[in-house]
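Fold and contact review
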Amino acid sequence: MERRIIGVGVISLGWMGRLHARSYRALAERFQDLGADVCLVAAADTQEAVCEEAVNALGFERAYRDYRELLRDPDVDVVSICSPNFLHHEMAMAAIEAGKPFWIEKPMGVSAAESREIAEAADRAGLVTAVGFNYRHTPAIQRARRLIRDGRLGRITNVRCWLIADYASSPTGPLTWRHSIAKCGHGVLGDLLSHGADLVQYVAGRVTAVTATTSQCITERPIPTKIGVGHTGWEVSDEMGAVENEDLVAMIAKLEGGAFATLEASRIAVGPRAEYVLEVYGTNGSLRWNFEHLNDLEICIGVDQEFQGYTRVMAGPDFPGFSTFQPGAGTSMGFDDMKAVEASLFIRSVVTGEQLAPSAADCWAAAEIDEAAVRSAADGQWHEIPDVTGRTTWAE
């Protein structure tokens, strides 16, 4: 059978854009059954030096300073959108108008309204999409979901999920776009808790209502004089500017079916580096997973055993997707591997026309949870989560 050639364009080559490029390059070795050969055709970045690097070092055939030129390139079949949040809506809508399927990082915009517009427009255009909910793709999470779906834990009673990080813990850290409502939207809600909302729905079912509280602990930061990549490389001045969004959030959520979840996120923790934890409890057992030990799954199944407690299981070839990357338990997978899985799901979705990757509708669903949390933090009330339309994948 003749293999399809898919030309890729990547918009914005910061840390995440470079990771998307690496993920596409990994497909030829890791996912030879895709039925497609993926080529890095074009990159777009506003910095001339980055455009030169894209061609000379990162494997792209050409580079543009304007992302619109990339979208007009007839050899670009699909697009990755890896820009800061405030550009996501504009770029995604332009990609939809150009008829190009896209892989976009979360959140898709600075509000649930922007996320809805993107998801609905992509659905009307019949485009498959992908969103960067990469923690779903960890073999341990995949195995955990299967155990829950098979009823091994019994009836699910409650879920705990927290995403505690330190990337903004220093008060002398720069006032980046992540601290601006106009450029980022919500703070740690969109940055981290959106992952938690997606994980909870992915393993335990739809969130129907939330009540939440938020806190801003660092109210001002030094204004940068040099832009970095991701969270590093920034230089700052002595001039201070106001932080506009939240550093902490705590949420209680009601789930369809009667269970409830507690979710928490922080970007200013001192101690944990990236402690992203999911715990699921049922009437016949429970399990827990921690991203800082992403290849491990702790499991307890059965009640009234002689030695009650958790068994630590290391991911291995019997876990979904593990053997694509490593030969046996104890040889660990990493963060980049999860993004390679995400890239494979995106390309497989494009080839088959079936929505297999986390979708724009999934991201809209998480954005509605985030926004309900903001409303609840303001008025202290429970807020129901509106259902979303389109091709969601977390419930499948």
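The name given to the protein in an unreviewed UniProt entry is Gfo/Idh/MocA family oxidoreductase, and the organism recorded there is Arachnia propionica.

Here the focus is the sheet that holds strand β1 (residues 4–11). The sheet built from 6 strands is open, its strands ordered β3-β2-β1-β4-β5-β6 with parallel pairing. Looking at which strands have only one partner, the edges of the open sheet turn out to be β3 (62–64) and β6 (129–131). Here the average twist between neighbouring strands, direction ignored, is 25°. One ladder, built from 4 bridges, connects β1 with strand β4 (residues 78–81); its direction is parallel. Within the sheet, the bridge partner assigned to Val8 lies in β4 and is Val78.

Here the focus is the domain arrangement of the protein. Each assigned domain of the protein is listed here: domain 1 (4–134) and domain 2 (137–340 + 354–384). The C-alpha centroid of domain 2 is placed 24 Å from the C-alpha centroid of domain 1. Contact with domain 1, which involves 34 residues of that partner, is made by 35 residues of domain 2. For the pairing of domain 1 and domain 2, the buried interface totals around 3000 Å² over both sides, and the portion due to carbon and sulfur atoms is 64%. The largest share of the area that domain 1 buries against domain 2 comes from Arg30, Phe133 and Asn134, three residues that together contribute 26% of it. At the boundary of domain 1 and domain 2, one finds 3 salt bridges. Asp336 is paired through a salt bridge with Arg22; the nearest N and O atoms lie 3.2 Å apart. Between the two partners, domain 1 and domain 2, sit 12 residue pairs in polar contact (both at pLDDT 80 or more). Elements that contribute at least two residues to the side of domain 1 that touches domain 2 include exactly α1 (15–30), α4 (85–97), α5 (112–125) and β6. Take the side of domain 1 that touches domain 2: its biggest share by element is 9 residues, from α1. Class assignment of the residues belonging to the side of domain 1 that touches domain 2 gives a composition of 19 nonpolar, 9 polar and 6 charged.

Definitions and cut-offs
- Residues numbered from 1 in each chain as written.
- Predicted model: local features only at pLDDT ≥ 70, side-chain atom pairs only at ≥ 80, totals over all residues.
- Heavy atoms only, no water.
- Pairing = 2+ DSSP bridges.
- Helix = DSSP H or I, 4+ residues; strand = E, 2+ residues; numbered from the N terminus.
- Axes fitted to C-alpha atoms, helices over the stretch in contact; angles between N-to-C directions.
- Domains from an automatic or database assignment.
- Contact = heavy atoms within 4.5 Å.
- Buried area = accessible area lost by both parts, 1.4 Å probe.
- Salt bridge = Lys/Arg side-chain N within 4 Å of Asp/Glu carboxyl O.
- Polar contact = N/O pair within 3.5 Å; in protein donor to acceptor, adjacent residues only side chain to side chain.
- Nonpolar A, V, L, I, M, F, W, Y, C, P; charged D, E, K, R; others polar.

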